[in-house]
Amino acid sequence: MTELRYLAPDTLDEAIGAFAAAGSAARILAGGTDLLVQMRSGVLKPGVIVDIKKIPEMTAIEETADGGFRIGAAVSGMALAEHKTFGKVWPGVLEAINLIGSKQVQGRASAGGNLCNGSPAGDSVPAMVAAGAVVTVQGPNGRREMKVEDVPAGPGRTNLKPGEILVSFSLPPRPPGSSNAYLRMIPRTEMDIAVVGCGVSLTMNDGIVTAARVGLGAVAPTVLLVEDAAKALIGSKLDDAALARAASACSAACRPIDDKRGTIAYRTKVAGVLLKRTAAIAAKRAQGN
Amino acid sequence: MNVVTNNKWIGQRTIRPDGMDKVTGRAQFAADTTMPGMIWGKILRSPHPHARIKSIDTSKAEKLPGVKAVVTSKDIVDFPIEKGAVMLGIQDMRWMCRNVMARDKALFPGHPIAAVAATTEAIAAEACNLIEVDYDVLPWAIEIDDALKPDAAILHEFNKFDGKPSNIVGRLEHKKGDIAEGFKQADIVIERTFTTRPVHQGYIEPHACLISVAADGKTTIWSSSQGQFMVRAMTSMLTGIRQSDIRAIPAEIGGGFGGKTIVYLEPVATLLAKKSGRPVKMVMTREEVMRATGPTSGSKSTVKIGATKDGKIVAAHGTFYLQAGAFPGSPIRGAAGCSFAPYDIPNLLSEGFDVCSNRSKVAAYRAPGAPIGAYAVECVMDEVAEALKMDPLDFRLKNAAKQGTKAAHGPVFPRIGYIETVEAAKASPHYAAPLGDGNGKLRGRGVASGFWFNAGGESSAQVNITEDGNVVVTTGHPDIGGSRAGIANICAELLGIDYRRVSVIIGDTQTVGFSNLTGGSRVLFASSMVVTQSTEKIIQTLRERAAKIWEIDPEAVKWENGAAHPVSPNAGQFEPLTLEQLAEKAPAMGGPIGAGVQLNTQGADGGFGTHVCDVEVDVDLGIARVIRYTAVQDVGRAIHPGYVEGQLQGGVAQGIGWALNEEYIYTKEGKVDNPGFLDYRMPVCSDLPMIDCIMVEIPNPKHPQGVKGVGEVPLVPVMAAVANAIYNALGKRFYALPMSPPKVLEKLDEPLREAAE
């Protein structure tokens, strides 16, 4: 029978050493809400598990001097929800992270795990993409930064190099008049997986959109940054015509599949519907900021 | 028998006896048991929907270190097909023996092929992978239409229908009058065809057991089921161990809803335990539950109803094709028998067809078959009422079955409460309330009715007075719907003592008399009969003993408020003798006080319900949500109203899931594609509104407390009520379940009606 080794190092260097040494047999454990389920169902049989929650940087939430945030990869959804200011600045990112799993799962689940799980349906990812988040990864060859949208490579796969560990997310400071939102379509009301997920981040000045980013989930092999949708919004007052153009851009960006969770036709249409609704929420929030 | 009135405990929401254990996690479910020396059993399952098993080689598995026993179909007692049916309840053991372990053919992905017991679960699983099975893979059919094609793969070659090999393995019909003549009288005739998908009962606790076979053959089974006697009998028949040597101990049950009325693991684990000499534990994974245990049927039904202009139904015809899965036995009786039962229809033909196909064998699910039939009938009822421009409840009242109506499935109805349920629904605050503004979403309201047979049958009870004058009642059916709480109320009522002094337990097979399984909404009806008679015997003993002490005639002693009293001052002036006092004196007065009664109970009356449902549809996303729901039901007598309401609410919750999201989805290879609760979408709490209950109490005159079964009726009307509400919201009718978002949105691509009426 294969043995399983569990390691919980205190430092990032130790973690990277152990993770890199074990090669493809190793898996990183943050909250474990995907990993343990995959192990129990027999999908994964890792030889080494490296628990990163003992590493202070991984569980820290830091407000940077410029007004941005640095979120450790293993910060749980609940810890982020309890942070005094994060949810005020990034309500769309927080609501997306807090949709992962259920209340119970929120005590463990992290945005880092959600991203590295590589699911195109991960709730936090479209919101992070819309937020323009950048991740810090560290491996045997040192640290580097990547845009969030560059991390997923396909279902269950990432562009992290062997031995690299996701360390943190950096979210930029927000100009006045900015906010963001995330909506997903699920058949139930909770404890479900996105059939389509949509994150929108906006900056508005006198009712006109001056900056926008749109992230779409569960409509392609990876979460998408939909630049055409953002372009349709920028310069508009979010009038019906602009929203329709942005919705069409979202639908056009979809490359979904027919599967047990939804049809191609359904996902394509819903992507546009969610764009309109998410943009409306983000705009309402932005105008209060 | 007289119905008890002016009750102190009957009708009270007393504290449930299992509540503390369940909320604190102390309750012992089947998977919580353990024994020294225990090993683990695992099942190797067929990857194919349909395949002939040419050979099974277990030699490599047997050699794996840690493996203690391997079992194949050779070890299971065979019930040869050609020798004819061997029935145990509603199950034919010919199919049961082939369901627990495939014999010549594997008939669905997940069909057990062999089983291994080893020192760890991991070794047992690895050993399963070492078993070499040579399959001859065959064409297969899962959907009803595919199974009925002329060139369909035939599951059971011996079966013939209309003289040809067929997957139609059974047909029944209920007939009344002449439908051809009846439809001639109709001014309006509506005929529609409906499909439903297979749905699982969704019990949270997977099947599990721990089984020990001692060196002398004495066998002990700890398992979760809806009938420890069913477990004992089936295990006995499939292993050859006599019933007197099998003690089946019922664990607390984490949901059954009909799905635990048959066995899957127990005979296999018994054989593994017998071969290995070690206690064997088996626990299904959720995936195994979803792939290999009984959901209920998918269906295809056609219903035609004809009515005159004044709203009288003159004829109806229903044909109900239900998937049986791998072996005969789909619930066509419930579909064909229950679906028209609320109505007095002079000309009626209701036909059921039992169709085998390559998916897991169906098991009972809450009013088996009845919700499938009612879905079709109640949707057509809605259309006929609309065509007649009648209120759908008035249309039902105009055609309601009542005392004296001859039901097509046989009986002439006694005093029934159907009309009262419709009237109560009509008078409910819900039916009178405006739908309200959906804030961009469309709202609608629908109604539907339903019927379930209910059942009596065998029950046993032993009631004992403890030495300190309290009471222990032992009954023989697993409590899945509040029978312990109900029995405590009844026994306390009869003895005139506080209900907390009555402890109700579920006996195992060797300590209480035979009791049929928990199903058919029979348990409180039947067990309260035997408990009542046992308690009456005890009261008779107590009166006799008081009479002896007072030296008066026993007829001059009455039992009241937990004590013996002289019936009147003329009988003598004596201080009452309490239960405690008489218990204390018992040793000197003939011995312990207790009584047991065993009966095949008769006189169960069917149950009727009428539901009102409001939905709200997000037309851009296709999401329909139930926003208000009222379930009205004739409950006979609500012995424990909290539990009765719980039954109503639970049934409605399951029906809403069935209506909106639940379905088995299959891959192109014929395997279940959603074998878990993420993609098999049962409702969660936030998906449901608070479900209002209106309990109509028309006591069953043939029962000492007026009890009628209540557990199954509440699922019957739900899918139709939801479908009719969605129609009312959208102006578009759906003829297939589930009405899930992609399907709703697809339909909405057609032009929309402005708003709900």
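Residues numbered from 1 in each chain as written. Chains lettered and ligands numbered in written order. Predicted model: local features only at pLDDT ≥ 70, side-chain atom pairs only at ≥ 80, totals over all residues. Heavy atoms only, no water.

A look at the overall build of chain B
Short version of the rule: Counting from the N terminus, the helices are DSSP H or I runs at least four residues long and the strands are E runs at least two residues long. Atoms counted for the radius of gyration: C-alpha only. Globule rule: 2.2 Å times residue count to the power 0.38. In this analysis, two residues are considered to be in contact whenever any of their non-hydrogen atoms come within 4.5 Å of each other. Here the accessible surface of atoms and residues is derived via Shrake-Rupley with a 1.4 Å probe, and residues count as covered only by protein chains that are part of the display. As used throughout, the charge tally considers Lys and Arg to be positive and Asp and Glu to be negative, leaving His and the chain termini uncounted. Charged groups are reduced to one reference atom each: NZ for lysine, CZ for arginine, CG for aspartic acid, CD for glutamic acid.
Of the regular secondary structure elements, chain B holds 20 helices and 30 strands. A compact globule built from 757 residues should have a C-alpha radius of gyration of about 27 Å, and chain B, at 27 Å, falls within 12% of that. Over its C-alpha atoms, taken along the principal directions, chain B stretches across nearly 85 × 75 × 50 Å. Sequence separation of at least 24 residues holds for 79% of the intrachain contacts in chain B that already meet a minimum separation of 6. Accessible area for chain B stands at about 27400 Å²; split by element, carbon and sulfur atoms hold 52% of it. Of the charged side chains in chain B, 79 are positive and 83 negative, and the gap between their average positions amounts to 3 Å.

Things to note about the overall build of chain A
Spelled out, the test is: The buried label goes to any residue with under 20% of its type's maximum accessible area, the exposed label to any with over 50%, and the partly exposed label to all in between, with areas taken from a 1.4 Å probe on protein chains only.
A tally of helices and strands in chain A yields eleven helices and 14 strands. Taking 19 Å as the expected radius of gyration for a compact globule of 289 residues, we find that chain A reaches 19 Å, a close match to that expectation. Each principal axis of the C-alpha atoms in chain A carries an extent, and together these give about 60 × 45 × 35 Å. Counting the 289 residues in chain A, one finds 51% classified as buried. Look at the contacts in chain A between residues 6 or more apart in sequence, and 59% of them connect residues 24 or more apart. Counting every atom, chain A has about 12300 Å² of accessible surface; 54% of that belongs to carbon and sulfur. The positive charge centre, built from 32 side chains, and the negative charge centre, built from 26, are 5 Å apart in chain A.

With respect to the sheet that holds strand 21 (residues 457–465) of chain B
Residue and element names in this part refer to chain B. Applicable threshold: One bridge is not enough; two strands pair if DSSP finds at least two bridges between them. Angles run from 0 to 180 degrees between N-to-C directions of axes, and those axes are lines fitted to C-alpha atoms, restricted for helices to the stretch in contact.
Ordered in space as 23-22-21-27, the four strands form an open sheet in which the pairing is mixed. Unpaired on one side and paired on the other, strand 23 (502–506) and strand 27 (594–601) mark the two borders of the sheet. Taken over all neighbouring pairs, the strand axes of this sheet differ in orientation by 15° on average, direction set aside. Two strands pair when backbone bridges link them, and strand 21 and strand 22 (residues 471–475) are joined in this way by five bridges, in the antiparallel orientation. Residue pairing across strands places V463 opposite V473, the latter belonging to strand 22.

Describing the packing of helix 15 (residues 483–495) of chain B against helix 16 (residues 523–550) of chain B
Angle between the axes and distance between the axes are the two parameters that describe a pair of packed helices. All names here are of chain B. Which entries qualify depends on this criterion: By definition in this entry, angles of less than 35 degrees are roughly parallel, angles greater than 145 are roughly antiparallel, angles of 65 to 115 are roughly perpendicular, and the rest are oblique. What makes a crossing left-handed is the near helix being turned counterclockwise from the far one by less than a right angle; a clockwise turn instead makes it right-handed. The classification used treats Ala, Val, Leu, Ile, Met, Phe, Trp, Tyr, Cys and Pro as nonpolar, Asp, Glu, Lys and Arg as charged, and all other residues, Gly among them, as polar.
For the pair helix 15 and helix 16, interaxial distance at closest approach is 10 Å and the crossing angle is 30°. For the element pair helix 15 / helix 16, the angle class is roughly parallel. Judged by the twist between their axes, the crossing of helix 15 over helix 16 is right-handed. Contact with helix 15, carried on its side by S483, G486, I487, I490, C491, L494 and L495, involves V523, L524, S527, S528, V531, T532, T535, I539 and L542 of helix 16 and no other residues of that element. Considered class by class, the residues forming the contact of helix 15 with helix 16 number ten nonpolar, six polar and no charged.

Examining the pairing of strand 19 (residues 347–356) of chain B
Residues and elements named next belong to chain B. Note the following rule: Handedness of a crossover is defined as follows: with both strands directed away from the viewer, a clockwise route from the first strand across the helix to the second makes it right-handed.
Extensive coverage of strand 19 is indicated by the burial of ten of its ten residues. Pairing between strand 11 (residues 168–176) and strand 19: eight bridges, direction antiparallel. Looking at the pairing, K175 lines up with L349 of strand 19. Of the strand pairs in this sheet, strand 18 (residues 313–325) and strand 19 are connected by ten bridges, and their pairing is parallel. Across the sheet, residue Y321 finds its bridge partner in strand 19, namely F353. In this fold, strand 18 hands off to helix 10 (residues 332–338), which returns the chain to strand 19; that crossover is right-handed.

Side note on the interface of chain B and chain A
For clarity, the cut-off: Summed over both partners, the accessible area (1.4 Å probe) lost when two parts come together is defined as the buried area. Salt bridges are defined as contacts in which a side-chain nitrogen from Lys or Arg sits within 4 Å of a carboxyl oxygen from Asp or Glu.
Across the contact, 26 residues belong to chain B and 20 residues belong to chain A. Between chain B and chain A, roughly 2000 Å² of surface is buried when both sides are summed, and carbon and sulfur atoms account for 56% of that area. On the chain B side of the interface with chain A, the three residues burying the most area are L621, R681 and P742 of chain B, jointly 26% of the side's total. D192 of chain A is the salt-bridge partner of R681 of chain B, the closest N and O atoms lying 2.6 Å from each other.

A word on the sheet that holds strand 12 (residues 196–205) of chain A
Whether parallel or antiparallel, the strands of a sheet pair through hydrogen bonds between backbone atoms. Residue and element names in this part refer to chain A. Spatial strand order, 11-12-13-14: four strands in an open sheet with antiparallel pairing. Every interior strand has two partners, whereas the edge strands, strand 11 (178–185) and strand 14 (224–225), have only one. Seen against the sheet, helix 8 (residues 124–131) touches strand 11, strand 12, strand 13 (208–217) and strand 14 and runs at an angle of roughly 150° to strand 13.

Side note on the nonpolar core
Note the following rule: In this description, a nonpolar core means a group of buried Ala, Val, Leu, Ile, Met, Phe, Trp, Tyr and Cys residues linked to one another through side-chain atoms lying within 4.5 Å.
With 102 residues, the main nonpolar core has I305, Y629, V722, L730 and M739 of chain B as its most contacted residues. The leading source of residues in this core is helix 11 (residues 370–387) of chain B, at eleven residues. Aside from chain neighbours lying at most four places away, what touches Y629 of chain B is H430, H611, V612, C613, V652, I656, P689, M690, I691, D692, V718 and A721 of chain B. Counting 47 residues, the second largest nonpolar core, distinct from the first, contains F86, V125, A127 and F169 of chain A.

Focus: the packing of helix 18 (residues 641–660) of chain B against helix 19 (residues 718–730) of chain B
Residues and elements named next belong to chain B. Helix 19 packs onto helix 18 with a crossing angle of 55° between their chain directions and a minimal axis gap of 8 Å. Overall, the two elements helix 18 and helix 19 adopt an arrangement that is oblique. You can see that helix 18 and helix 19 cross each other, and the crossing is right-handed. Where helix 18 approaches helix 19, its residues G651, V652, G655, I656, W658, A659 and L660 are matched on the opposing element by V718, M719, V722 and I726. Its residues placed into classes, the contact of helix 18 with helix 19 shows nine nonpolar, two polar and no charged.

Description of the pairing of strand 1 (residues 39–45) of chain B
Successive residues of a regular strand alternate their side chains across the two faces of the sheet. Residue and element names in this part refer to chain B. Counting buried residues in strand 1 gives seven out of seven residues, a clear majority hidden from the surface. With burial as the criterion, each face of strand 1 is covered, one bearing I39, G41, I43 and R45 and the other bearing W40, K42 and L44. When strand 1 meets strand 16 (residues 280–283), the two strands line up parallel, connected through two bridges. Looking across to strand 16, one finds that W40 is bridged to K281. Looking at chain direction, strand 1 and strand 7 (residues 112–118) are connected through six bridges and run antiparallel. Looking at the pairing, L44 lines up with A114 of strand 7.

Here's the deal with helix 4 (residues 121–130) of chain B
Residue and element names in this part refer to chain B. Condition: Arc definition: directions from the helix axis to the C-beta atoms.
Along helix 4, the residues classified as buried are I123, A124, A127 and C128. Buried residues along helix 4 cover an arc of 145° about the axis, so they all sit on one side. At its buried positions, helix 4 is contacted by strand 1, helix 2 (59–63), strand 3 (67–72) and strand 7.

Here's the deal with the domain arrangement of chain B
For an interface, size is often stated in terms of accessible area lost upon the parts coming together. Residue and element names in this part refer to chain B. For the record, the criterion: In this entry, domain limits derive from an automatic or database-based domain assignment. Any pair of N or O atoms that falls within 3.5 Å is considered a polar contact. Within protein, one atom must be able to donate a hydrogen and the other to accept it, and sequence-neighbouring residues count only if both atoms are side-chain atoms.
Looking at the assigned domains, one finds that chain B contains domain 1 (19–26 + 456–601), domain 2 (33–138 + 205–254 + 260–292) and domain 3 (299–454 + 605–748). Taking only C-alpha atoms into account, the centre of domain 1 sits 39 Å from that of domain 2. Contact between domain 1 and domain 2 buries roughly 1400 Å² in total, counting both sides, with carbon and sulfur atoms accounting for 58%. A per-residue breakdown of the area domain 1 buries against domain 2 is headed by T509, Q510 and L517, which together make up 39% of the total. In this assembly, domain 1 and domain 2 are joined by three salt bridges. A salt bridge links E252 to R484; the shortest N-O distance between them is 2.8 Å. Our count for the domain 1 to domain 2 interface comes out at 13 residue pairs in polar contact (both at pLDDT 80 or more).

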